[in-house]
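So you can see what is in the structure, the chains are spelled out below.
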Amino acid sequence: MEQRVLLDESAINRALTRIAHEILEKNKGTEDLVLIGIKTRGIYLARRLAERIKKIEGQEIPIGELDITLYRDDLTEKSDQPLINGSRISFDITNKKIVLVDDVLYTGRTVRAALDALIDLGRPRLIQLAVLIDRGHRELPIRPDYVGKNIPTSKKEMISVQLTEVDQKEQVTIQQKTTL
């Protein structure tokens, strides 16, 4: 199965640096700003964004980890016994400006589940969405505020984000889905 590299390590780093600047500009700094990554790769992207924001503004911002497993609308299709890792958000999200971070935006269903999970935890002032890749094909009316790269795809293609923390590799690839 042939795969093509869309973003290498430096392109991913440039995209994250740009997103960090855009987040700061849109939110006029770091006041009441928090980053919450959607498990799994969204967490590592959120951490990297927080590092960049700290370098730019000299301020640390809180980072949370959101597990949306129980909020998915396809839970029974994925597995009989879903693996639940739990969310780790050690701060009150009420009245915070939340930037929800994920690796790939596709149908919008993951983000919808994440919104439900967040609303169960409190009432944020606002929620924004940052994604490394927007591949299109939305099934729900969800649009990201910050995008590393827009990559129009067909439904027969698969985008794979690989990050060093999880995959010991740093790249975004595209390949044709195999049909069985």
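The chain is annotated in an unreviewed UniProt entry as Bifunctional protein PyrR of Vulcanibacillus modesticaldus. Per UniProt, the chain has the following entry under Catalytic activity (unreviewed entry): "UMP + diphosphate = 5-phospho-alpha-D-ribose 1-diphosphate + uracil". Reading the Sequence similarities (unreviewed entry) entry of the UniProt record for the chain gives the comment "Belongs to the purine/pyrimidine phosphoribosyltransferase family. PyrR subfamily."

### So, the overall build of the chain
Summing up its helical and strand segments, the chain has five helices and eight strands in all. Shown N-terminal to C-terminal, the secondary structure of the chain runs as helices and strands in the order β-α-β-α-β-α-β-α-β-β-β-α-β. For a compact globule of 180 residues, the expected C-alpha radius of gyration is about 16 Å, and the chain comes in at 16 Å, within 12% of that figure. C-alpha atoms of the chain, sized along the principal axes, occupy 50 × 40 × 30 Å. By residue count, 45% of the 180 residues in the chain fall in the buried class.

### Observations regarding the sheet that holds strand E7 (residues 157-162)
Taken together, three strands build an open sheet; the order of strands is E1-E8-E7 and the sheet is antiparallel. Of all the strands in the sheet, just strand E1 (3-7) and E7 have a single pairing partner and so form its edges. Sheet twist, expressed as the average angle between the axes of neighbouring strands with direction ignored, equals 30°. Across four bridges, E1 lies against strand E8 (residues 171-176) in antiparallel orientation. Counted as the bridge partner of Val-5 is Thr-173 from E8.

### Examining the UniProt feature "short sequence motif: PRPP-binding" (unreviewed entry) in the chain
Residues annotated by UniProt as "short sequence motif: PRPP-binding" (unreviewed entry) correspond here to residues 98-110. Split by type, residues 98-110 is 15% helix and 62% strand. Its first and last C-alpha atoms lie 16 Å apart.

### Quick word on the environment of Arg-18
On the secondary structure map, Arg-18 appears in helix H1 (residues 9-27). Exposure remark for Arg-18: the relative accessible area of 34% places this residue in the partly exposed category.

### A word on the sheet that holds strand E2 (residues 33-38)
Strand pairing in a sheet takes place through backbone hydrogen bonds and is either antiparallel or parallel in direction. Across the sheet, five strands lie side by side as E3-E2-E4-E5-E6; this open sheet has parallel pairing. Among the strands making up the open sheet, the edge pair consists of strand E3 (63-66) and strand E6 (146-150). Each strand of the sheet is rotated relative to its neighbour by a mean of 25°, with strand direction disregarded. Two elements, strand E5 (residues 126-134) and E6, share four bridges in a ladder whose sense is parallel. Pairing of Asp-134 across the sheet is with Asn-150, part of E6. Together, E2, strand E4 (97-105), E5 and E6 form the strand contacts of H1, whose direction differs from that of E6 by roughly 150°. Relative to the sheet, helix H4 (residues 109-121) contacts E2, E3, E4 and E5, its axis offset from that of E4 by approximately 155°.

### Focus on the environment of Glu-157
Position of Glu-157 relative to the elements: it lies in strand E7. Classification of Glu-157 by relative accessible area gives buried; the value is 16%. Considering only alpha carbons, one finds Glu-157 and Lys-177, 20 residues apart in sequence, at a separation of 5.4 Å. The residues touching Glu-157, leaving out its near neighbours within four places in the chain, are Arg-135, Ile-174, Gln-175, Gln-176 and Lys-177.

### Observations regarding the packing of H1 against helix H2 (residues 41-57)
Packing of H1 against H2 leaves a shortest axis separation of 9 Å and a crossing angle of 60°. Judged on the interaxial angle alone, H2 and H1 are oblique. Handedness of the crossing formed by H1 with H2: right-handed. Between H1 and H2, the residues in contact are Ile-12, Asn-13, Leu-16, Thr-17, Ile-19, Ala-20, His-21, Ile-23 and Leu-24 and Leu-45, Arg-48, Leu-49, Arg-52, Ile-53, Ile-56 and Glu-57, respectively. Within the contact of H1 with H2, the residues separate by chemical class into 10 nonpolar, three polar and three charged.

Parameters and conventions
- Residues numbered from 1 in each chain as written.
- Predicted model: local features only at pLDDT ≥ 70, side-chain atom pairs only at ≥ 80, totals over all residues.
- Heavy atoms only, no water.
- UniProt positions renumbered as here; feature names shortened; annotations may be inferred.
- Helix = DSSP H or I, 4+ residues; strand = E, 2+ residues; numbered from the N terminus.
- Rg over C-alpha atoms; globule rule 2.2 N^0.38 Å.
- Buried < 20%, exposed > 50% of the residue type's maximum accessible area, 1.4 Å probe, protein only.
- Pairing = 2+ DSSP bridges.
- Axes fitted to C-alpha atoms, helices over the stretch in contact; angles between N-to-C directions.
- Contact = heavy atoms within 4.5 Å.
- Parallel < 35°, antiparallel > 145°, perpendicular 65-115°, else oblique.
- Left-handed = near helix turned anticlockwise from the far one by under 90°.
- Nonpolar A, V, L, I, M, F, W, Y, C, P; charged D, E, K, R; others polar.

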